[in-house]
Amino acid sequence: MNSKEVAQLFELPIDTIRYYERVGVIPPITRDKNGYRIFEKRDLNWIFLAKSLRKAGLSIESLIEFANLAQSKENNVRAAQKQILKDQLIEVNAKLEEMIRARDLLEYKIETFDDHVAKINAGEMNDDEVEELWTMKHFKVKQ
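Quick look at the structure, then. Here the structure is a predicted model, which is why all the values come from computation and not from measurement.

### A look at helix 4 (residues 60-71)
Okay, so step 1: Counted at 1.5 Å a residue, the expected span for helix 4 with its 12 residues is 16 Å, and the 17 Å between its end C-alpha atoms agrees.
Okay, so step 2: Where helix 4 is concerned, the buried positions are Ile60, Leu63, Phe66, Ala67 and Leu69.
Okay, so step 3: Looking at the buried residues of helix 4, the elements they touch are helix 2 (14-23), helix 3 (41-55) and helix 5 (77-121).

### What about the side chain of Asp43?
Okay, so step 1: As for its position among the elements, Asp43 is in helix 3.
Okay, so step 2: Not counting chain neighbours up to four residues away, the residues in contact with Asp43 comprise Pro28, Ile29 and Ile38.

### A few points about the pattern of salt bridges
Okay, so step 1: Here the structure, examined in full by the defined rule, presents six salt bridges.
Okay, so step 2: A salt bridge links Glu21 to Arg31; the nearest nitrogen and oxygen atoms lie 3.7 Å apart. Of this pair, Glu21 sits in helix 2 while Arg31 sits in the loop between helix 2 and helix 3, placing them 10 residues apart in sequence.
Okay, so step 3: A relative accessible area of 13% places Glu21 in the buried class.
Okay, so step 4: Glu107 serves as the salt-bridge partner of Arg103, at 3.8 Å between the closest nitrogen and oxygen. Residue Arg103 and its partner Glu107 are located together in helix 5, separated by four residues, close to a single helical turn.

### Remarks on the nonpolar core
For soluble globular proteins, nonpolar side chains are generally found buried alongside one another.
Okay, so step 1: Val6, Ile17, Val25, Ile26, Phe39 and Ile47 are the most contacted members of the largest nonpolar core, which totals 23 residues.
Okay, so step 2: At the level of secondary structure, the elements contributing two or more residues to this core comprise helix 1 (3-10), helix 2, helix 3, helix 4 and helix 5.
Okay, so step 3: When residues no more than four places from it in sequence are discounted, the contact partners of Ile26 are Ile17, Tyr20, Glu21, Trp46, Ile47 and Ala50.

Cut-offs and rules
Residues numbered from 1 in each chain as written. Predicted model: local features only at pLDDT ≥ 70, side-chain atom pairs only at ≥ 80, totals over all residues. Heavy atoms only, no water. Helix = DSSP H or I, 4+ residues; strand = E, 2+ residues; numbered from the N terminus. Expected span 1.5 Å × (residues − 1). Buried < 20%, exposed > 50% of the residue type's maximum accessible area, 1.4 Å probe, protein only. Contact = heavy atoms within 4.5 Å. Salt bridge = Lys/Arg side-chain N within 4 Å of Asp/Glu carboxyl O. Core = buried A, V, L, I, M, F, W, Y, C linked by side-chain atoms within 4.5 Å.

Next up, the structure:
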């Protein structure tokens, strides 16, 4: 595959793919006699991995370290690669928990919105209760 095809496949700008190669996020790409990149299956796998891990929040620096470890001839690199992935998984799980709490809050607000507005309009809530309602001081995340 050529650069344009790969960029379309992964919905990435060609410049991003070139940047990933230049800084070491992906291993060097084989080139033809004219210097054009020729992407092979392993290159596509690396681009997929890099794109996926970037979406998960992994830094460029960590991706570079991960790729460098993959190209290393040392025996202990797999443990270091695995640790990079474990560390990122911990971060992703924390973000997911935060997103779930936000989703639960939104669901609660939507489910109770009309009832609360009706109580406010009917004068059934004082200013402090209204403030607490909108700031959600009493909201408990579902367990």
